[in-house]
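# Examination of the molecular architecture
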Amino acid sequence: SNCFHKLKEYDQSAEYLKLANYHKSIVFPSNANSLQQEMAGDLLQPVSASGVRDISADLGKDRIFIVGMPRSGSTLLETVLSMSSEVKDLGETRSLVKAIRRFKQQKVGDSNFLSLNALYSQLEPMSNDQFTFTTDKNLYNFMRLSWIATHMPAAKIIHCRRDPMDNILSMYRSNLSPGNGYTTNLEDAARVLVAQEEVMQIQKSRHPGKIFTFDYDRFVNEPEAAIRVLLEWIGIDFVEEYLHPDRSVRTVNTASVMQARRPISNKSVGGWKKYYELLKPALRIIQEAGIGAEI
């Protein structure tokens, strides 16, 4: 499929994409339903601060959580931010998931009761002498935003998003890791993306000012203007180096590794139109949901 794509023979590429994803779905069935249930759980189940005597407004001030859909520009963003000597990138860590699990296992009133921020810091120690911020790029932490907002109120959350159809095509063309089984089915991918957008809109209304929307399409078209706004929101000074993530020496272990190694480019924007016929089922769901490039 990738070979035909490079030859610009997109119909042939689409046929092999369908075949590849069909075989992958046999090994890794779609998990769309379970993901949607988990999203609903975070919104509907109240997150308790019980047991924590005093949640300081400064808790989490040195933590940045990057969330969103796979292939939404998050790896490029983390690479850009990690160009700063102030930022330590943690990659796709499961530390928040583990910290929440340990927090729930504690007994209220126990003299050794630890805050979620303390438990997270045990897993991801912070050297304030060396770094000012860490970036946690577990994208599915968007299903745990209620925990972050309640227990780490000063943490910064960046929601990565791009044109939904480009996003769906990119997921479908990528051999993503287990846990992303829904991406082998275009309709399931569209439904999960729509559900994620709905969750994020609710969370943004609940926690105004705590969530920054990083628009990948705007960034690759106007990189300096876009990154300046984000850096100002975080509290980091702009330097020219941020515009050259291809010079980064950080290790990248995601499907976006090649993109993160190249200069910033907008050539993928609108690329989904080359696969219009293939993507019709997903496009119908996106259009019915009323989701566009600007939300």
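Above this note sits the structure.
Summary of the structure given here. (Residues numbered from 1 in each chain as written. Predicted model: local features only at pLDDT ≥ 70, side-chain atom pairs only at ≥ 80, totals over all residues. Heavy atoms only, no water.)

On a plain count of helices and strands, the protein comes out with 13 helices and five strands. In terms of overall dimensions, the protein is globule-like: its C-alpha atoms have a radius of gyration of 20 Å, near the 19 Å expected for 295 residues. Structurally, the protein occupies a C-alpha span of about 65 × 45 × 30 Å along its principal axes. Long-range pairs, those at least 24 residues apart, make up 79% of the contacts in the protein with a sequence separation of at least 6. Per element, the accessible surface of the protein, about 14300 Å² overall, is 49% carbon and sulfur. The centroid of the 36 positive side-chain charges in the protein is displaced by 4 Å from the centroid of its 34 negative side-chain charges. (Helix = DSSP H or I, 4+ residues; strand = E, 2+ residues; numbered from the N terminus. Rg over C-alpha atoms; globule rule 2.2 N^0.38 Å. Contact = heavy atoms within 4.5 Å. Areas by Shrake-Rupley, 256 points an atom, 1.4 Å probe, with all protein chains shown as cover. Lys, Arg positive; Asp, Glu negative; His and termini not counted. Charge placed at Lys NZ, Arg CZ, Asp CG, Glu CD.)

This next bit is on the sheet that holds strand β1 (residues 63-68). The sheet built from five strands is open, its strands ordered β2-β3-β1-β4-β5 with parallel pairing. The two strands at the open ends of the sheet, each matched to only one other strand, are β2 (87-91) and β5 (211-215). If you compare each strand with its neighbour and ignore which way they point, the axes differ by 25° on average. Sheet topology note: the β1/strand β4 (residues 156-161) ladder contains five bridges and is parallel. For Gly68, the partnering residue across the bridge sits in β4 and is Cys160. The sheet strands contacting helix α11 (residues 223-234) are β1, β3 (133-136), β4 and β5, and the helix crosses β4 at an angle near 160°. (Pairing = 2+ DSSP bridges. Axes fitted to C-alpha atoms, helices over the stretch in contact; angles between N-to-C directions.)

Taken together, the side chains of Lys6, Lys8, Arg262, Lys267 and Lys274 define a basic patch exposed on the protein surface. Residue position: Lys6 is located in helix α1 (residues 2-6). Accessibility expressed as a relative area gives 71% for Lys6, which makes it exposed. (Patch = residues over 30% accessible without salt bridge, like charges linked within 9 Å, V, L, I, M, F, W, Y side chains within 5 Å. Salt bridge = Lys/Arg side-chain N within 4 Å of Asp/Glu carboxyl O. Buried < 20%, exposed > 50% of the residue type's maximum accessible area, 1.4 Å probe, protein only.)

On the surface, Tyr16, Leu19, Tyr22, Ile26, Val27 and Phe28 cluster together into a nonpolar patch covering about 610 Å² of accessible area. Tracing the sequence through the fold places Leu19 in helix α2 (residues 10-27).

Packing of helix α9 (residues 186-206) against helix α13 (residues 276-289) brings their axes to within 8 Å, and their N-to-C directions diverge by 25°. Overall, the two elements α9 and α13 adopt an arrangement that is roughly parallel. By crossing handedness, the relation of α9 to α13 is classed as right-handed. In this structure, α9 uses Leu186, Glu187, Ala190, Arg191, Leu193 and Val194 to contact α13, whose residues at the interface are Leu278, Leu279, Pro281, Ala282, Arg284, Ile285, Ile286 and Ala289. A breakdown of the residues in the contact of α9 with α13 according to their chemical character gives 11 nonpolar, no polar and three charged. (Parallel < 35°, antiparallel > 145°, perpendicular 65-115°, else oblique. Left-handed = near helix turned anticlockwise from the far one by under 90°. Nonpolar A, V, L, I, M, F, W, Y, C, P; charged D, E, K, R; others polar.)

So, on to the nonpolar core. Core analysis: the biggest nonpolar cluster contains 55 residues, and Ile168 and Tyr182 have the highest contact counts within it. If you tally residues by element for this core, the top one is α9, at nine residues. Tyr182 has contacts with Ser30, Asn31, Ala32, Leu35, Met69, Pro70, Tyr140, Met171, Asp188, Ala189 and Val192, leaving out every residue within four places of it along the chain. Counting 26 residues, the second largest nonpolar core, distinct from the first, contains Ile64, Leu77, Tyr216 and Leu231. (Core = buried A, V, L, I, M, F, W, Y, C linked by side-chain atoms within 4.5 Å.)

Summed over the entire model, instances satisfying the criterion amount to 10 aromatic pairs. Relative to Phe113, the ring of Phe103 lies with its centre 5.4 Å away and its plane at 80°, an arrangement referred to as edge-to-face. Separated by 10 residues along the polypeptide, Phe103 in helix α5 (residues 95-105) and Phe113 in the loop between α5 and α6 (116-123) bring together distant segments of the chain. Considered together, Phe103 and Phe113 belong to a single accessibility category, that of buried residues. Consider the rings of Trp272 and Tyr276, whose centres lie 6.2 Å apart with planes at 35°: the pair is tilted. Looking at Trp272, the relative accessible area reads 12%, which means it is buried. The partly exposed category is assigned to Tyr276, whose relative accessible area is 38%. Taken together, the aromatic side chains of Phe103, Phe113 and Trp147 make up a single cluster linked through ring pairs. One cation-aromatic arrangement involves Lys156 over Trp233; the distance from NZ or CZ to the ring centre is 4.8 Å. (Phe/Tyr/Trp six-rings, centres within 6.5 Å; stacked < 30°, edge-to-face > 60°. Lys NZ or Arg CZ within 6 Å of the ring centre and 35° of its normal.)

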